[in-house]
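A structural walkthrough
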Amino acid sequence: MLQDKKSLRERLAHALCFEIIAVALCAPALAWIMGKPLLHMGALTAVISLIAMLWNMVYNAGFERVERRLGWVRDTRVRMVHAVGFESGLILIVVPLAAWWLSISLWEALVLDIGLLLFFLPYTYVYNLAYDRLRVYWAGETCPGA
């Protein structure tokens, strides 16, 4: 489906919902895996969430601009390109932060981030697919590709 231009308010709501669900799932899991207090991992998760939310808005605005310009249909292939591109950019931002916050090496932070990536790639895909379908429902649009 070709994407309509989204307002800043809609982009913020999209990103905020994505991050709230992600924090609720990840903070307790990371605290358990890393053997760190939930508050410590919750704070890191919240900071990463803020970074990810800002990156989400910037990345999606650019991706959708390219999508419209090239006339892409948001099929499975385009959704996978979208998810991989988003997560790749986020890795470049988050790995140094996690290494510093947890007092671990960049390599250990990268391995941890790869573990998170294994969660976030399908989560990003499924979340955006669900969002697009709900958006069509809310707006009463037709949605041939969702």
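Computed from a predicted model, the values in this text were never measured in an experiment. (Residues numbered from 1 in each chain as written. Predicted model: local features only at pLDDT ≥ 70, side-chain atom pairs only at ≥ 80, totals over all residues. Heavy atoms only, no water.)

Quick look at the nonpolar core
Put simply, the rule is: Only buried residues count toward a nonpolar core, which is a set of Ala, Val, Leu, Ile, Met, Phe, Trp, Tyr and Cys residues joined through side-chain atoms within 4.5 Å. Partly exposed describes any residue whose relative accessible area lies between the buried limit of under 20% and the exposed limit of over 50%, with all areas from a 1.4 Å probe on protein chains only and scaled to the type maximum. In DSSP terms, a helix is any run of H or I states spanning at least four residues, a strand is any run of E spanning at least two, and both are numbered starting from the N terminus. We call two residues contacting when some pair of their heavy atoms lies within 4.5 Å.
Grouped together as the largest cluster of nonpolar side chains are 23 residues, with contacts concentrated most on Leu 30, Met 41, Leu 44, Phe 120 and Tyr 123. Going through the elements one at a time, α1 (8-34), α2 (38-70), α3 (76-102) and α4 (106-139) are the ones with two or more residues in this core. Apart from the residues within four sequence positions on either side, Leu 30 is in contact with Gly 35, Met 41, Thr 45, Leu 112 and Leu 116.

Description of the pattern of salt bridges
Definition in use: Think of a salt bridge as a Lys or Arg side-chain nitrogen and an Asp or Glu carboxyl oxygen that are within 4 Å of each other.
Applying the stated rule across the entire model yields six salt bridges. As a salt-bridge pair, Arg 79 and Asp 132 come within 3.0 Å of each other at their nearest N and O atoms. Here Arg 79, found in helix α3, pairs with Asp 132, found in helix α4; they are 53 residues apart in sequence, far enough to count as distant. Residues Arg 79 and Asp 132 agree in their burial class; the two are buried. Among the charged side chains, a salt-bridge network with shared partners connects Arg 11, Glu 64, Glu 67, Arg 74, Arg 79 and Asp 132.

Notes on empty space enclosed by the protein
Quick note on the threshold: Two kinds of site are reported from a 1 Å grid over the protein atoms alone, namely cavities, where a 1.4 Å probe fits but cannot get out, and pockets, open sets with protein on both sides within 12 Å along at least five of seven lines, and residues are called lining when an atom falls within 4 Å of a point. Grid points are joined across faces, edges and corners, and a volume is the space filled by probe spheres set on the points. Under this grouping Gly is polar, as are all residues other than the nonpolar Ala, Val, Leu, Ile, Met, Phe, Trp, Tyr, Cys and Pro and the charged Asp, Glu, Lys and Arg.
Under the defined criterion, the tally for this structure stands at four cavities of 30 Å³ or more. Of the volumes computed, that of the largest cavity is approximately 240 Å³. As for the largest cavity, its lining consists of 18 residues, and the residues nearest its centre are Ile 48, Leu 90, Asp 113, Leu 116 and Phe 120. Elements that contribute at least two residues to the lining of the largest cavity include exactly α1, α2, α3 and α4. For the lining of the largest cavity, the element with the most residues is α1, which contributes six residues. Across the lining of the largest cavity, the residue classes tally to 13 nonpolar, two polar and three charged. There is about 90 Å³ of room inside the second largest cavity.

Notes on unusual backbone geometry
At Ser 103, a position not held by glycine, the phi torsion is positive, near 55 degrees. Topologically, Ser 103 is positioned in the loop between α3 and α4.

Any functional reading would require information beyond the geometric quantities listed.
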